[in-house]
2 protein chains.
Amino acid sequence: MQDSNRKRFSRRSFLQTTAMAGGGLAASSLLAAGQASGAEKGELASGAVILFQGDSITDAGRDKKGGAPNNTQGLGRGYPNLIGGALLADYPDKKLTVYNRGISGNKVPDLAARWQPDAIDLKPNILSILIGVNDIWHKLSGRYDGTVADYETGYRQLLQQTLEKLPGVRLVICEPFVLRCGAVNDDWFPEFDQRRAAANKLAEEFKLDRVPFQTVFDEAVKLAPPEYWAGDGVHPTLAGHSLMAKTWREGGGI
Amino acid sequence: MQDSNRKRFSRRSFLQTTAMAGGGLAASSLLAAGQASGAEKGELASGAVILFQGDSITDAGRDKKGGAPNNTQGLGRGYPNLIGGALLADYPDKKLTVYNRGISGNKVPDLAARWQPDAIDLKPNILSILIGVNDIWHKLSGRYDGTVADYETGYRQLLQQTLEKLPGVRLVICEPFVLRCGAVNDDWFPEFDQRRAAANKLAEEFKLDRVPFQTVFDEAVKLAPPEYWAGDGVHPTLAGHSLMAKTWREGGGI
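Below or above, wherever it landed, is the structure these notes cover. Only a predicted model underlies this, so the values are computations on that prediction, with no experimental measurement involved.

Conventions adopted
- Going along each chain's sequence as written, the residues are numbered from 1 onward.
- Chains carry letters and ligands carry numbers; both start at the beginning, A for chains and 1 for ligands, and go up in the order they are written.
- Local features are withheld for residues below a pLDDT of 70 in this predicted model, meaning they are given only at 70 or higher, and side-chain atom pairs are given and counted only at 80 or more; totals for whole chains, interfaces and linings count all residues.
- The basis for every side-chain value is the complete set of heavy atoms in the structure, and neither hydrogens nor water enter the calculation.
- Exposure is judged per residue with a 1.4 Å probe applied to protein chains only, and the accessible area is read against the type maximum: over 50% gives exposed, under 20% gives buried, and values in between give partly exposed.
- The way it works is that DSSP assigns letters per residue, a run of H or I at least four long becomes a helix, a run of E at least two long becomes a strand, and they are numbered from the N terminus.
- When DSSP finds two or more bridges between a pair of strands, those strands are recorded as paired.
- An axis is simply a line fitted to the C-alpha atoms; with a helix, the fit covers only the stretch in contact. Between two such axes, the angle follows the N-to-C directions and lies from 0 to 180 degrees.
- Throughout, a contact is declared for two residues whenever any of their heavy atoms are within 4.5 Å.

All names here are of chain A. The element strand β3 (residues 126-130) is extensively covered by neighbouring structure, given that 5 of its 5 residues are classed as buried. In β3, alternate side chains face the same way, and those of Ile 126, Ser 128 and Leu 130 on one face and Leu 127 and Ile 129 on the other are all buried. Where strand β1 (residues 49-54) lies against β3, 5 bridges are found, and the strand directions are parallel. Each residue of the ladder has a partner; that of Ile 50, found in β3, is Ile 126.

This is the structure in structure tokens:
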């Protein structure tokens with residue numbers, strides 16, 4: 001599956017897809033494959049709940065007090081808002097509910113600590129997770145000492161627990177990514193790649209869809225400098241979030 | 001041209017396009033036809049400037065003090081941000097600059113008063129205008145007395161002035177629209193439709209691209225209630241702004 005992903009997001013493919021507005025044909029594949037709530041393949045279930053989980057990249061300045069689902073105040077200014085908006089416009093008759101529960105600074109153990117109220121209790125049909133940057137960043141800055149193995153073990157427990165409690169859920173593993181600029185220097189490697197590989201490995205282990213963000217950004221920096229996509233190498237610009245949204249939908253959530 | 005637009009945005013067409021992520025094939029037609037800066041047909045000029053002008057629907061909470069182009073702070077949470085982000089992700093090698101200069105409460109005379117600094121001086125290659133709702137709303141509330149003829153005359157002068165000062169500009173006329181809910185009651189009609197017709201007439205008179213928002217929202221309310229698209233009948237929700245962004249790109253700016 002990883003090989004075919006790499007193929008799908010080859011430079012050629014990237015250039016082709018960038019000529020499109022926002023997904024087109026391939027966009028339907030995520031939803032086509034969605035089997036949430038027992039929906040038939042090819043259908044997005046009526047009343048489906050879509051939840052984005054993660055750290056500051058997902059949080060993206062959302063209003064954690066007054067923010068409701070399905071609006072920008074609650075979804076933030078990042079990829080969950082862009083994807084959520086597009087889904088709400090594309091499927092107005094489906095009565096979708098789109099939540100963002102990303103929180104800045106979160107690592108895997110932070111997700112685990114709030115998983116019941118912030119993921120399980122929302123009963124998502126599609127649950128997209130992007131986590132991993134702070135697991136290494138906070139370690140580099142001396143605020144955390146979790147290893148790559150801790151990341152993998154903790155992430156695996158989170159996925160197991162989720163699949164047990166929500167047997168019909170469609171999990172989407174977003175590949176952690178960084179760009180080589182701003183706060184991201186050589187100290188991040190090779191450990192960042194090891195953590196990225198762990199996330200990809202878990203997607204394969206559980207046969208989950210995976211969104212190959214690093215692959216896409218590696219291609220994107222051939223067309224515009226890293227700062228164009230993420231000023232500090234971690235937090236995407238509007239261009240970066242828009243590319244993420246497009247990738248998430250095009251890649252079929254893979 | 002209007003006939004073919006109606007045909008293009010028929011219910012059948014709307015249902016077809018809503019199954020897509022955000023434009024796909026047709027999306028390229030706006031840019032394909034862009035002849036700004038002497039770019040060849042089929043090309044978006046390198047360094048192109050795209051400007052969105054209008055009232056609160058365009059403003060959408062943008063930061064008017066610190067907001068820069070090309071980011072959500074400066075572009076707001078509405079359709080200019082969604083379109084701008086998608087263009088920045090789709091054309092990373094074009095060095096685009098995307099501005100929003102919409103201001104809440106604006107009518108045609110307000111645009112005219114600030115047109116030189118807020119439109120001409122920015123030297124846009126593509127200039128998208130959405131104006132007209134306040135021209136009637138403020139009249140209904142007794143704060144303004146401009147007629148339909150005033151709207152048409154003032155709008156025509158604005159377009160003439162723009163084409164004289166920026167002979168290479170590509171103007172995109174966005175059709176004013178309302179939904180039948182919230183603040184929008186029978187008092188708005190038939191005058192709102194007359195103003196809408198005036199905007200459409202000007203697009204035809206000057207051979208400009210037109211985005212048929214009212215047509216698209218008239219179809220959209222067959223799939224979800226008006227409040228789903230615009231709570232007060234005027235200001236779009238995230239779903240509404242996302243549908244606008246998709247329409248703007250799909251319709252080729254027509």
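Turning our eyes to something else, we now look at the environment of B:Lys207. Relative to the elements of secondary structure, B:Lys207 occurs in the loop between α11 (191-205) and β5 (209-211). Sequence separation of B:Lys207 and B:Asp110 is 97 residues, and the distance between their C-alpha atoms is 24 Å.

Moving on, we get to the sheet that holds strand β4 (residues 170-174) of chain B. All names here are of chain B. Read across the open sheet, the 5 strands follow the order β2-β1-β3-β4-β5; overall the sheet is parallel. The sheet is open, and its two borders are formed by β2 (97-100) and β5, each paired with just one other strand. The sheet shows a mean angle of 20° between the axes of neighbouring strands, direction not considered. Bridge count for strand β3 (residues 126-130) against β4 is 4 bridges, and the pairing is parallel.

Here we come to helix α9 (residues 133-140) of chain A. All names here are of chain A. Considered for burial, the residues of α9 that qualify are Val 133, Asn 134, Asp 135, Ile 136 and His 138. Residues of α9 that are buried in the fold lie against α4 (56-59), α7 (108-113), α10 (148-165) and α11 (191-205). At the exit of α9 stands Gly 142, carrying a positive phi of roughly 80°.

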